Each structure stands twice: as structure tokens, then as C-alpha cells.
Amino acid sequence: MSLLTRRRLLRRAALSATAARAVRTGLAGAAAAGTVASAAVAGCDDTPGPAPEGGASSGALRFPPDFGWGAATSAYQIEGAAKEDGRGESVWDTFSRTPGRTRNGDTGDVAADHYHRYAEDLDLMRDLGLRSYRFSISWSRIQADGSGRPNQRGLDFYRRLVDGLHERGIAPMATLFHWDLPQALQDAGGWENRDTAERFGAYADIVFRALGDRVPAWLTINEPKTVVQNGYLSGHHAPGRQDPAAAYLVAHHLQLAHGLAVRALRAAGVEGRIGPALNLHPCYPADDTAEAAAATRLYDGYENRLYLDSVFTGAYPQDVLADLGADSRMVRGIRDGDLAVIASPVDLLAVQYYTPIYVTGQGTTVRKWPTSGAEWQQIYPEGMYDILTRVTRDYGPIPLTITENGLPCPDTLAPDGTVDDTARIDFLRDHFAAAHRAILDGVPLESYHVWSLLDNFEWAEGYDQRWGLVYVDYPTQRRVLKRSAHWYRTVIRNNGL
Ligand code: FCB
């Protein structure tokens, strides 16, 4: 069975038969997203600017002043140095070293060797003109076993990185958790164990006290949904489980961990802003039937509202809870006061947008648009507009940042030393334009981080997929700016397209 089929089957297993009966209760729906507000945001207009180099743009869309053009990475995907300076093992070390789990048996042992080459990478960021850099902190560098005294050498690495960003005029945005749970915590039950959420709060406190004076923006948990779906439903990510009952208990504990980290930041008296990083998928009915509409509504509950509602309204969506059932491990695992913790006020919401989802009356999904080099990604820039405007309409004008958007291209290094990724330029131009339109329609979008700065270890896909603006020649670790990187530099310089 292909991975895709397996994922779909498991996904379906997670949705009970009540999906088809779910009542349509007023979600205007991403599919029907209209404008949020008619007033254009000050300073964001559509007057022509100079055309960027690299082609593929007509030069017409200017972003608000101080717009945070950036790029994103994550620790396990780029750092390497898996055994250095007191770093402990994470679930991704275990998973990637298990035969058959990743393409070609690839691991993050070396990755893009960023742990040793961070200074060179910082210079690359400066050369690109980045204003913001989103990276993640490896929990097992800070606490090898996920608890106890902090490892100063781990904290020092991130201090050097953050200082280096400031020296180059780039704003740091740090994610506390990008999937690399310390293996010792996994051995004690991982995210199925409520105690892991408490440990996360304690780890967050250590990081805030060490780096809080230098990091203006924090993200708690990267894509809790992906841990749930890929780690515990399909099992093609660490920890490699296929257990729908455990999956949603894990979701609750991840949300709880998020809330505990928010509270830890406030308790530490740190000034930085904090919020969740959610991969949101606009869900559309695959056809005009009432069944497809109902199934889409519930699908949206699992994809988006489970995470958004709990943080922004203090309640899990009723349709999802009903679908899971009162006897589910998740529902039984919710304790008094948990939702108040999860809904601790946040300062920003990080949105990661890659693909839309089209749902049939049977609760299965279909493809409507061409895919990128990642089979799960349909290229649909309009989905960016839809999800941004929907979030603002449904949850209010919370400041938004895009912390991931990009695609993998079959990039090759030509003999003349160039990497011609025109498809990435087209993709980014169209998504930037969609984001710009959302801003014009009232969405308080502050910044945009392209995924990714560098080619890196793409989880189960190993090094086969190249998502970077910068090509990494893994045998030599040489960095080469792709054509898209040159183009992006001009976009940043012009503050628009
Ligand atoms: C996101 C992940 C990121 C990367 C991109 C392609 O879901 O957060 O680490 O793998 O997908």
C-alpha cells in the first residue's frame, strides 16, 4: 500500500461515520471566504514599484513599511552535530536511524551542518536582506533527557545565533518545539503522557530566562496537527505510531503544552510576543452536494478548528468532540481548567500554508490542482488568501505572521554554478500576491517567512526534496543562492513585487 493510500485510510479511520451526518452550522467556510474589511491597510498599496530581477514579475504590489520578509528553518532539519556539546537523542534520531523509515535511510546527523556553519548562514541571510529569521530550538540540546538542569553549551549556541542575527539587523523568531521530542520523554509515554506538557512548560521557562532579553517573538509548538496526523495516525513521522485513539489525546497535550509555555513566558516577565504555529488548510467541498458540504465542515474541524478554537475561544469544536465521542481518550483526558490554560492570551498567530483540501461526501479527499514535488501539495495560491481572511474574520484581528510557505523543486546545480528554480519564483510571486490582497482586505499580516532558507532534511523524504532558497551541495556543504534567492532579495529591497 502506498504511503498516500495508507495516510488516506488512516485519516478516514479517524473520522467516524458521523462525518456524513454532521450538521452544517454556519461556518461561512474557507471556500466562501470573502473580504474581511473593505478598508485597505495604511501603507500597503498597489502602486507600481521597480520590477524585481530574475524575471517573472510585472512590478505592481508594494507591502506595508517594515514588512518582515523572512525565511524559516528548524533545528533537526539543518543543524547536524547530533552528538555534540551535550545534545541528547530526540525521537527523530531514533526514527531516522530505524531502517525503512526515511528515504534512502537519511538522517539528520549532519544535515546542512548549520551548527558549525551558522556564521556563514547568518551572512547569507544578511546578503539576502532578510528582516526576520524563524528557527527552532532543539529541546534535547537544552535538556538532553527533556528535564533537569539546562545544558549551558546548548543555550550558548542559540545565544550566539541570536546575537549574530541582531548584529546583522535581522529579527529572531524562535520556535520552542519543531517535532524533535527528547527520546527519554518518548520512552516515558511521549505526548500521550500529560507530564510531557508540564516538562515542556519547564523547558520553555529555561529558554525564556536565557534568551528572553534577545528574542522579540516566540512560537510554541510547530504544527501540532502534523504530530497528530503523521506521528500518530499515518505513522510516517516520528514516533511512527498508527493509533487514532492516542492521536487526539496527543493533540490535547500539545495544546496544553502550548498554553503552559505562554504562561511561562508571562511568569518569567519576558517582554517578547508569543503565539502558536499552525498549518492551516482551507477545506472546500469537492462537489455541490449537501453530503460534501457536511463532510467538509467536519474535516475543517479536524484540520483547523480543533487548534484555532481551543486557543482563541477556549473550547474545542463541539462537532469534533462529538465525532470523537465522550469515551475517547482525548475527551476523557481533558481536565477542568485545561482549556483556560490553552486559551491563555497570545500576541500573534503564525500561519503555515501549503495546500488546500477538497473533501467528498464520503469524507475522502480529491485533488483539483497540480501538485509540487511533494505529492500532498496542490498549488493553489488563492488558498493563502482564503485562510488568512478566514482567520481574521472568525477570530478577530490578531496579528498574523506567515511562518512557512514554499515548495520543493527538482533543483540541480548547473556546471556554471547556477540553480535555475523558476517554478519557485512563480510559486512565491503568486503566494505573495495572494497575501498582499489579504492585507489590502484588512488582514493584519506582519511578516512572511519562506520555507526554507536552506535545502534540508525533509523528514521522511530525507534529502530528496529540496525546499531551500539556497542550494546545499551536501558532499561539500557549499551553499549556492538559487535563482529564487536572487529574485527574493530584489523583492525585499523593493518591499514588493
Ligand atoms: C512543514 C514543516 C516543515 C517542513 C515543511 C515542508 O509541515 O513544519 O518542517 O517539513 O512542512
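Structure's up top.
Report on the accompanying structure.

Reading the values: rules and limits
Residues numbered from 1 in each chain as written. Predicted model: local features only at pLDDT ≥ 70, side-chain atom pairs only at ≥ 80, totals over all residues. Heavy atoms only, no water. Phe/Tyr/Trp six-rings, centres within 6.5 Å; stacked < 30°, edge-to-face > 60°. Buried < 20%, exposed > 50% of the residue type's maximum accessible area, 1.4 Å probe, protein only. Helix = DSSP H or I, 4+ residues; strand = E, 2+ residues; numbered from the N terminus. Near = heavy atom within 4 Å. Polar contact = N/O pair within 3.5 Å; in protein donor to acceptor, adjacent residues only side chain to side chain. Areas by Shrake-Rupley, 256 points an atom, 1.4 Å probe, with all protein chains shown as cover. Nonpolar A, V, L, I, M, F, W, Y, C, P; charged D, E, K, R; others polar. Pairing = 2+ DSSP bridges. Axes fitted to C-alpha atoms, helices over the stretch in contact; angles between N-to-C directions. Parallel < 35°, antiparallel > 145°, perpendicular 65-115°, else oblique. Left-handed = near helix turned anticlockwise from the far one by under 90°. Contact = heavy atoms within 4.5 Å. Right-handed = clockwise from strand over helix to strand, strands pointing away. Salt bridge = Lys/Arg side-chain N within 4 Å of Asp/Glu carboxyl O.

Right, let's talk about the packing of aromatic side chains for a bit. Each aromatic ring pair is described using two quantities: the centre-to-centre distance and the angle formed by the ring planes. Taken as a whole and assessed by the stated rule, the structure comprises 39 aromatic pairs. Ring centres 4.7 Å apart and planes at 65° place the aromatic pair F63 and W69 in the edge-to-face group. You'll find F63 and W69 in the same group, each marked buried. Look at Y118 and F157: their rings are 5.6 Å apart centre to centre, the planes differ by 90°, and that puts the pair in the edge-to-face class. Linking Y118 in helix α4 (residues 114-128) with F157 in helix α6 (residues 152-167), this pair joins segments that are 39 residues apart in sequence. When sorted by exposure, Y118 lands in the same class as F157, which is buried.

On to the site of the ligand. If you check the shell around the ligand, you find Q77, H178, W179, N222, E223, Q352, Y354, E404, W451, E458, W459 and W467 and nothing else. Between the ligand and the protein, one listed contact pairs an oxygen atom with a side-chain N or O atom of E404 at 2.9 Å. E458 places a side-chain nitrogen or oxygen 2.7 Å from an oxygen atom of the ligand. Taking 290 Å² as the accessible area of the ligand by itself, protein coverage stands at 95%. For the shell around the ligand, a count of residues per class yields five nonpolar, four polar and three charged.

What follows covers the sheet that holds strand β5 (residues 273-279). Pairing within the closed barrel is parallel, and its eight strands lie in the order β1-β2-β3-β4-β5-β7-β10-β11. Across this sheet, the average inter-strand angle for adjacent strands is 25°, counted without regard to direction. The pairing of strand β7 (residues 349-352) with strand β10 (residues 400-404) spans four bridges and is parallel. Within the sheet, the bridge partner assigned to Q352 lies in β10 and is E404.

Packed helices, taken two at a time, are described by the angle between their axes plus the distance between the axes. Where helix α9 (residues 224-232) meets helix α11 (residues 290-312), the axes come as close as 10 Å, and the angle between the chain directions of the two elements is 140°. It follows from the interaxial angle that α9 and α11 lie oblique. Of the two elements, α9 crosses α11, and the hand of that crossing is right-handed. Between α9, through P224, K225, V228 and Q229, and α11, the contact on the second element is made entirely by Y302, E303, N304 and Y307. Here the contact of α9 with α11 is composed, by residue class, of four nonpolar, two polar and two charged.

Another aspect to go through is α9. Counted residue by residue, α9 has nine buried out of nine residues, so it is predominantly covered. Those residues of α9 that fall on the buried side of the exposure criterion are P224, K225, T226, V227, V228, Q229, N230, G231 and Y232.

Residue P239 follows A238 across a cis peptide bond; omega there is 5°. Its location among the elements puts P239 in the loop between α9 and α10 (244-267). Following W451, the chain continues into S452 via a peptide bond in cis, with omega recorded as 10°. Residue placement: S452 occurs in the loop between β11 (445-451) and β12 (470-473). In this model, A81 sits at a positive phi of 45°, which is unusual for a non-glycine residue. Position of A81 among the secondary structure elements: in the loop between α2 (75-78) and α3 (91-96). The phi torsion at W459 lies on the positive side, around 50°, for a residue other than glycine.

If you walk across this open sheet you meet the three strands as β6-β8-β9, and the pairing is mixed. Lying at the two open borders of the sheet, with one neighbouring strand each, are β6 (283-285) and β9 (365-366). Strand direction decides the pairing type here: β6 and strand β8 (residues 357-359), joined by three bridges, are parallel. Bridge pairing in β8 links C283 to I357. α11 contacts β6, β8 and β9 of the sheet and is inclined by roughly 170° relative to β6.

All right, on to the pairing of β10 then. The buried count for β10 comes to five of five residues, which makes it a mostly enclosed element. For the crossover that starts at β10, traverses helix α16 (residues 422-440) and ends in the parallel β11, the hand is right-handed.

Following the criterion strictly, the structure yields 41 salt bridges and no others. Here R214 and D163 are joined by a salt bridge, their closest N and O atoms 3.0 Å apart. Note that R214 is positioned in the loop between α8 (194-211) and β4 (217-222) and D163 in helix α6, a separation of 51 residues in sequence.

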